[in-house]
Structure formats: structure tokens, C-alpha cells
Amino acid sequence: MRFVEPAGLGAALPEIAAARECVVACGAGAMEGDDVAALLLSDYAILEEGTSLRISSAAAWAGAVWRIGSAALRLLAQPRVTASDAVRLGLCDEVGDSAAWLGVRSAEAMDAAAVLISRRGGDPLERAEFARLFATGTPREGLAAFLEKRRPRFS
């Protein structure tokens with residue numbers, strides 16, 4: 001899994017677009033241009049409270065269309081989109097603290113999901129990824145945390 005901080009979003013746009021692993025991007029502040037494009041093209045987008053998006057570049061529009069399809073046309077009348085509106089519209093996945101989000105999710109499981117979704121591998125690939133994940137011990141920690149009613153601790 002690759003995590004991209006707000007400061008590096010725009011510069012990471014080519015790598016995000018070509019990534020094979022799961023890309024989680026965090027946005028903050030008044031965002032526009034390649035920063036918005038990179039955020040919208042990531043697999044999972046987290047916005048800090050108070051963030052706003054200005055969808056003004058061709059790449060940002062491509063990201064909006066990738067995430068919400070033709071519904072992106074509704075954005076033409078909105079010069080800026082707030083973080084809560086971005087989640088409501090489907091542009092981003094959540095508003096919150098990215099560090100807290102990362103601490104309770106398994107990087108291996110996120111990467112496996114990204115591989116399965118992007119390759120559309122079907123049953124043989126799913127079985128192989130499932131076996132690989134169980135070999136890492138990650139699912140055991142997730143199951144143990146669930147049974148013990150605590151947050152998982154992934155390394």
C-alpha cells in the first residue's frame with residue numbers, strides 16, 4: 001500500500017495513475033490542479049476537516065469522472081467543494097484523520113484488494129491472494145482483534 005501525504009500529491013500524480021498497489025491519499029487545505037487530480041485518482045481518498053477542492057484542471061476533471069461518472073457534470077456550477085460535500089457526492093471516501101485510518105487497516109489486505117479489483121482475476125487469483133494473506137498472519141490479527149473487541153494492530 002502506498003500512502004501519499006497532502007504535500008506530495010501533485011508531484012505523485014504519474015505514479016498514482018500507474019500504481020499497481022493500493023494508493024491511499026490524504027488531502028488538506030484549499031486544493032486544486034494536480035493535487036486534486038491525484039487525490040481523485042487514488043484508490044481511497046481521505047480529506048482533513050476544512051479541506052476544499054477546486055476542480056479546474058483537465059486531470060482533476062478526469063479524476064472526478066473516474067470516481068462519479070457523468071454525475072461530475074453537477075460540479076460545473078460549484079467553484080469549490082467542501083470536504084463533507086466531496087464525501088456526499090462520492091468524490092472522496094471520508095473526512096478524518098489519516099494517521100488513525102492507517103493504524104487500523106492492513107496494508108497487505110489493501111494491496112491484495114487493489115490487485116484483485118484491477119486485474120479482475122476471478123477465483124484462481126482470489127484463492128492465491130487469500131492464501132498469501134493468511135501466510136502473513138495479517139488475517140489472524142484482524143480476527144483476534146474482532147473477537148477481543150479491540151482495534152487491530154497491524155505492523
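Caption draft 1: Fine view of the overall build of the protein. When you go through the protein residue by residue, the secondary structure sums to eight helices and seven strands. Within the protein, the fraction of its 155 residues that count as buried is 37%. Restricting the contact set of the protein to residue pairs at least 6 apart, pairs at least 24 apart contribute 44%. Of the roughly 8500 Å² that the protein leaves accessible, carbon and sulfur atoms contribute 57%.

Caption draft 2: Main features of helix α3 (residues 58-68). The set of residues buried in α3 consists of Ala60, Gly63, Ala64, Arg67 and Ile68. Viewed along the axis of α3, the buried residues span an arc of 105 degrees, placing them on a single side of the element. Of the exposed residues in α3, the ones pointing more than 90 degrees away from its buried face are Ala58 and Trp66. Among the structural elements, α2 (34-41), β4 (44-47) and α4 (83-89) are those in contact with the buried residues of α3.

Caption draft 3: Molecular detail of the nonpolar core. Grouped together as the largest cluster of nonpolar side chains are 28 residues, with contacts concentrated most on Leu39, Leu53, Leu91 and Cys92. For this core, the element with the highest residue contribution is α2, accounting for five residues. Judged by nonpolar contacts, the second largest core, of six residues, contains Cys22, Val24, Met110 and Ala114.

Caption draft 4: Layout of the pairing of strand β2 (residues 23-27). For β2, the buried fraction is high: five of the five residues fall into the buried class. The pairing of strand β1 (residues 2-4) with β2 spans three bridges and is parallel. Bridge pairing in β2 links Arg2 to Val23. In this view, the connection linking β1 to its parallel neighbour β2 by way of helix α1 (residues 13-18) has right-handed handedness. Two strands pair when backbone bridges link them, and β2 and β4 are joined in this way by four bridges, in the parallel orientation. From the neighbouring strand, Cys26 faces β4, where its bridge partner is Ile46.

Caption draft 5: Representation of the environment of Ala25 in the model. Locating Ala25 in the fold gives a position in strand β2. On the basis of relative accessible area, Ala25 is assigned to the buried category, the value being 0%. Ala25 sits 15 residues away from Leu40 along the chain, and the two C-alpha atoms are 8.6 Å apart. Sequence-distant contacts of Ala25, that is, excluding residues within four places in its chain, are made with Val4, Leu9, Leu39, Ser42, Tyr44, Ala45 and Ile46.

Caption draft 6: Representation of unusual backbone geometry within the structure. Unusually for a residue other than glycine, Lys149 sits at a positive phi of about 55 degrees. Along the polypeptide, Lys149 turns up in the segment after α8 (138-147). Taking the relative accessible area as the measure of exposure, Lys149 reaches 75% and is therefore exposed.

Caption draft 7: Expanded view of α2. Here α2 has its buried residues at Val36, Ala37, Ala38, Leu39 and Leu40. In this structure, the buried side of α2 is in contact with α1, β2, β3 (30-32), β4, β5 (52-54) and α3.

So, how was this worked out
For every chain, the first residue of the written sequence is number 1, and numbering continues from 1 along that sequence. Residue-level local features of this predicted model are given only where pLDDT is at least 70; pairs of side-chain atoms are given and counted only at 80 or more, and the full residue set underlies all totals for whole chains, interfaces and linings. Only hydrogens and water are set aside when side-chain values are computed; all heavy atoms of the structure are taken into account. Strands here mean DSSP runs of E at least two residues long; helices mean DSSP runs of H or I at least four residues long; both are numbered from the N terminus. Throughout this description, buried means an accessible area under 20% of the type-specific maximum (1.4 Å probe, protein chains only), exposed means over 50%, and partly exposed covers the range between. Contacts are residue-level and defined by heavy atoms, with any inter-residue pair within 4.5 Å sufficient. Reported accessibility uses the Shrake-Rupley method at a 1.4 Å probe radius. Residues are deemed covered only where the shown protein chains occlude them. Taking the helix axis as origin, the arc is that swept by the directions to the C-beta atoms. Only buried residues count toward a nonpolar core. Its members are Ala, Val, Leu, Ile, Met, Phe, Trp, Tyr and Cys residues joined through side-chain atoms within 4.5 Å. For two strands to be treated as a pair, DSSP must find no fewer than two bridges joining them. Convention used here: a crossover is right-handed provided that the path from the first strand, over the helix, to the second strand proceeds clockwise when the strands point away from the viewer.

Geometric values such as these leave the question of function open.
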